[in-house]
Amino acid sequence: MDFNDQLRRYFGTDDLAAITPAALAGGIERMEVDFGLETDRNRRFALWTLMHMLGAAPDLDLAFAEEADRQAARQFMDLLDRAQDG
């Protein structure tokens, strides 16, 4: 799942600056539904990462049954934190 494809699917554009508050709320709601229904671990992780970047991701313990997925999510969060600090 490509980042720009996710943006277009949920928000109708791949330009984050062009997303209105209403479109953001609606897109996040659709992502939450899709996340809850998704059974593919990779697609589920991809959805979670975008939700995390938008401040809407569920807690790791609720989001991922597998410890490996929770650890990958922690590593992703650490990488984002380092990128923002650097």
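Keep in mind it's a predicted model, so treat the numbers as computed, not measured. What you see as residue numbers is a count from 1 along each chain, following the sequence as written. With pLDDT at 70 or above as the cut-off, local features in this predicted model cover only qualifying residues; side-chain atom pairs require 80 or more to be listed or tallied, and sums for whole chains, interfaces and linings still use all residues. Here the side-chain values reflect all heavy atoms present in the structure, with hydrogen atoms and water set aside.

## Comments concerning the nonpolar core
Line of reasoning, step 1. Nine residue types can take part in a nonpolar core, namely buried Ala, Val, Leu, Ile, Met, Phe, Trp, Tyr and Cys, and a core is a set of them joined through side-chain atoms within 4.5 Å. Buried, partly exposed and exposed residues are distinguished by accessible area as a fraction of the type maximum, computed with a 1.4 Å probe on protein chains only: under 20%, between the cut-offs, and over 50%, respectively. By size, the foremost hydrophobic cluster in this structure holds 16 residues, and its most contacted members are F11, M31, F35, W48 and F64.
Line of reasoning, step 2. Listing elements by their share of this core, those giving two or more residues are α1 (3-11), α2 (21-37), α3 (41-53) and α4 (60-63).
Line of reasoning, step 3. Each helix corresponds to a stretch of at least 4 residues labelled H or I by DSSP, and each strand to a stretch of at least 2 residues labelled E; elements are numbered beginning at the N terminus. By residue number, the principal contributor to this core is α3, which donates 4 residues.
Line of reasoning, step 4. When neighbours within four sequence positions are excluded, F64 is seen to be in contact with F45, W48, D69, R70 and A73. Contacts were defined at the residue level, with two residues in contact if any of their heavy atoms lie within 4.5 Å.

## A few points about helix α5 (residues 67-85)
Line of reasoning, step 1. Expected helix span is computed as 1.5 Å times (number of residues minus one). Between its terminal C-alpha atoms α5 stretches 27 Å, which fits the 27 Å expected from 19 residues at 1.5 Å a residue.
Line of reasoning, step 2. On its buried face, α5 sits against α3 and α4.

## Concerning the confidence of the model for the chain
Low-pLDDT portions of the prediction should not be read for the details of their coordinates.
Line of reasoning, step 1. With 98% of its residues at a pLDDT of 70 or more, the chain shows a mean pLDDT of 94.
Line of reasoning, step 2. α2 holds the highest mean pLDDT among the elements of the chain, 97, whereas α1 holds the lowest, 93. Each residue carries a pLDDT value, the predictor's own confidence for that position, ranging from 0 to 100.

## Notes on the packing of aromatic side chains
Line of reasoning, step 1. Each Phe, Tyr or Trp ring (for Trp, its six-membered ring) is paired with any other whose centre lies within 6.5 Å, and the angle between the two planes then decides the class: stacked below 30 degrees, edge-to-face above 60, tilted in between. Going through the model one piece at a time under the given rule, you end up with 5 aromatic pairs.
Line of reasoning, step 2. Measuring from centroid to centroid gives 5.7 Å for W48 and F64, while their planes differ by 65°, and the two rings are edge-to-face. Note that W48 is positioned in helix α3 and F64 in the loop between α4 and α5, a separation of 16 residues in sequence. F64 shares its class with W48; the two are buried.
Line of reasoning, step 3. Between the aromatic rings of W48 and F76, the centroid separation amounts to 6.4 Å while the plane-to-plane angle is 70°, which identifies the pairing as edge-to-face. Residue W48 is found in helix α3, and its partner F76 is found in helix α5; the two are separated by 28 residues along the sequence.
Line of reasoning, step 4. Each member of the aromatic cluster is reached from another via a ring pair, and the members are F35, F45, W48, F64 and F76.
Line of reasoning, step 5. Counting as a charge over the ring demands two things of the Lys NZ or Arg CZ atom: a distance within 6 Å of the ring centre and an angle within 35 degrees of the ring normal. Taking the ring centre of F35 as reference, the NZ or CZ of R44 above it sits at 3.9 Å.

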